Amino acid sequence: MDRIRIRGGRRLSGRIPVSGAKNAVLALMPTALLAEAPLVLSNVPDLVDVQTMSALLRELGMTVEHDRAARRLVIAGPAKAHEAPYDIVRRMRASVLVLGPLLARYGVARVSLPGGCAIGTRPVDLHLKGLEAMGAEIAVEGGYIEARAPRGGLRGARIIFPLVSVGATENLLMAATLAQGETELINAAREPEIEDLALCLMRMGARIEGIGTGRLKVQGVPSLGGAEHPVLPDRIEAGTYACAAAITGGDLLLEGARLDHLGAVARVLREAGVALHEEAGGLRVTRANGLHGVDVITEPFPGFATDMQAQFMALMCVAEGAAMVTETIFENRFMHVPELNRMGARINVHGASAIVRGVPALSGAPVMATDLRASVSLVLAGLVARGETIVNRVYHLDRGYERLEEKLAAVGADIERLR
Ligand code: UD1
C-alpha cells in the first residue's frame with residue numbers, strides 16, 4: 001500500500017488549483033438516474049470515490065464515460081437494474097444517494113444498508129422516513145433497504161427534519177423532483193453542495209424554490225431532461241490548503257476557492273491569525289505572525305464544518321495558548337488525536353470536546369488514520385513537524401484529495417508518495 005513521506009519545515013508559497021467538490025459530484029452523479037437524456041458534468045475531480053460512484057451507476061445499467069483529461073463525466077440511462085450491492089455501498093456511504101432517484105423514476109430500489117464507519121454509526125433513518133412520508137413502502141431485509149413507490153409514483157409531502165442531514169436532504173430533494181405535487185423540506189441542510197445539486201436539477205427541468213435556505217419547496221414534474229453542469233469548487237479541499245498555508249506561515253493563492261463557501265471556517269482562521277483575501281482567480285491565504293488558540297464547535301453549514309475539524313486541530317497543535325474543539329456532528333471523530341499526540345501534540349479528549357494545548361514544535365513520526373480528514377490532518381502536521389513523517393493508509397487520502405502530494409510539492413513542500 002502507498003505511503004506518503006513528508007519532511008517538515010518548508011514554508012509553502014505559490015498557487016494551488018482547487019478541484020471540483022467531492023461531496024457535490026457524489027450527489028450530482030445520481031441525478032442522471034432521474035433524467036431522460038444524458039447528464040454532462042464538468043470540473044469533475046479525479047478521485048477514488050468518483051470511480052466508486054461510477055461503478056455503482058454502471059452496476060445499475062447506466063453508461064458512464066469519464067474523460068479524466070477533460071475532467072468530464074457523461075452519464076446516460078435508463079437504468080436496467082435497481083440494486084446497489086453491499087460490496088459497493090460498504091466502500092462508500094454516499095452510495096445511498098441512488099435510493100431517492102431510483103424510487104422516484106423507477107418505483108423500486110434495493111440498496112444495501114450502509115453500516116457504521118470509522119467516524120460514527122451514521123444511520124439513514126431520516127432518508128427512509130422521508131421517503132415513507134412520500135408514500136414509499138420500505139422494509140429492511142437481509143441487510144438491504146427494499147423500497148417500493150405507491151402505484152402512480154411518489155407523492156409530495158411536508159417533511160420536517162428533526163436534525164440537519166446533508167444526505168437525507170439530497171436524497172429527498174432528488175426524489176421530490178419527480179413526485180406528484182408539492183414537497184416541502186423543512187430544516188433542510190444548506191451546504192453549498194445542496195445548492196449545487198438544486199441548480200443542476202433545475203437545469204434538468206426541476207421546479208425548486210428556496211435554494212440556499214433551510215426550507216426547500218419542490219413542485220414535482222412528470223419528467224426531467226439532460227443537463228450540462230460544472231461541479232462547484234471543493235470548499236473542504238480549499239480549507240485544508242488554507243490550513244497548510246497557515247501551519248507553515250506561508251502564502252498560497254487557492255485558485256477557484258470561494259470565501260463565502262468557507263462559512264465559519266474563514267472567521268475562525270482569521271481569529272487564529274491567518275489572513276484571507278478574495279482576489280481575482282481565488283482566495284489568498286497568508287500568515288505572517290503567530291497563531292493563537294481559538295475554540296470551535298462543529299455545526300451544519302454555515303457553521304464550522306465537521307470535515308474541517310481534524311485539519312484545524314492540527315493547526316491548533318502549534319498555536320499559542322489553548323483551543324477547545326467540540327464535535328457535535330459525528331460521535332467518533334477524534335481518531336487523529338492519538339496520532340497527533342505521537343507527533344508531540346498535547347491534546348486531551350473529554351467526551352465530545354478536545355482541549356489542544358499548543359506546543360512550540362511537533363516531531364515527525366510514522367502515523368496512520370482511518371478516515372479521510374483525519375489522514376490529511378496528519379499530512380498538515382507533517383508539514384510543520386521536525387524531521388520525517390510517514391503517513392500510512394494513503395488509500396483514504398485518494399478517496400477525497402486529488403493529487404495531494406503533487407499540489408503540495410508544487411508550492412514547496414518536501415513530500416512524496418512511496419509506492
Ligand atoms: C455528508 C458529507 C460528509 C460530512 C457530513 C456532515 C457527503 C458525501 N458526505 O455526510 O463529508 O461530514 O455530510 O457535514 O456529502 N443522521 C441521522 N439519520 C440520518 C442521516 C443522518 O441520524 O438518516 C445523523 C448522522 O449520523 C450525523 C448527522 O445526522 O450525526 C449529520 O449527517 P449527514 O449530514 O447526513 O452526513 P452525510 O450526508 O452522511
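Residues numbered from 1 in each chain as written. Predicted model: local features only at pLDDT ≥ 70, side-chain atom pairs only at ≥ 80, totals over all residues. Heavy atoms only, no water.

A. Representation of the packing of helix α10 (residues 309–316) against helix α12 (residues 372–384). Interaxial distance between α10 and α12 falls to 8 Å at its minimum, and their mutual angle equals 25°. Classified by the interaxial angle, the pair formed by α10 and α12 is roughly parallel. Once α10 is placed against α12, the crossing between them reads as right-handed. Residues A310, Q311 and A314 of α10 touch α12, and the partners they reach there are R373, A374, V376, S377, L380 and A381. Considering only residue class, the contact of α10 with α12 consists of six nonpolar, two polar and one charged. (Axes fitted to C-alpha atoms, helices over the stretch in contact; angles between N-to-C directions. Helix = DSSP H or I, 4+ residues; strand = E, 2+ residues; numbered from the N terminus. Parallel < 35°, antiparallel > 145°, perpendicular 65-115°, else oblique. Left-handed = near helix turned anticlockwise from the far one by under 90°. Contact = heavy atoms within 4.5 Å. Nonpolar A, V, L, I, M, F, W, Y, C, P; charged D, E, K, R; others polar.)

B. Looking closely at the site of the ligand. Of all residues adjacent to the ligand, which total 18 residues, the nearest are D125, S165, V166, D307 and I329. Between the ligand and V166, the relevant distance is 2.7 Å, taken from an oxygen atom to a main-chain nitrogen or oxygen of the residue. Between the ligand and I329 there is a distance of 2.5 Å, counted from an oxygen atom to a backbone nitrogen or oxygen. Mapped by element, the contributors of at least two residues to the shell around the ligand are α5 (125–133) and α6 (166–177). The leading source of residues in the shell around the ligand is α5, at three residues. Here the shell around the ligand is composed, by residue class, of nine nonpolar, five polar and four charged. (Near = heavy atom within 4 Å. Polar contact = N/O pair within 3.5 Å; in protein donor to acceptor, adjacent residues only side chain to side chain.)

C. Quick look at the packing of aromatic side chains. Scanning all chains against the criterion turns up one aromatic pair. Judged by centre distance (5.5 Å) and plane angle (65°), the ring pair of F304 and F312 falls under edge-to-face. For F304, a relative accessible area of 2% gives the class buried. (Phe/Tyr/Trp six-rings, centres within 6.5 Å; stacked < 30°, edge-to-face > 60°. Buried < 20%, exposed > 50% of the residue type's maximum accessible area, 1.4 Å probe, protein only.)

D. A look at the sheet that holds strand β2 (residues 13–17). Pairing within the open sheet is mixed, and its four strands lie in the order β2-β15-β17-β16. Unpaired on one side and paired on the other, β2 and β16 (275–279) mark the two borders of the sheet. Strand-to-strand twist of the sheet, defined as the mean angle between neighbouring strand axes without regard to direction, takes the value 20°. As paired elements, β16 and strand β17 (residues 282–286) share five bridges and run antiparallel to each other. Its bridge partner being in β17, E279 is matched across the sheet by G282. Running at roughly 170° to strand β15 (residues 251–255), helix α8 (residues 235–247) makes contact with β2, β15 and β17 of the sheet. (Pairing = 2+ DSSP bridges.)

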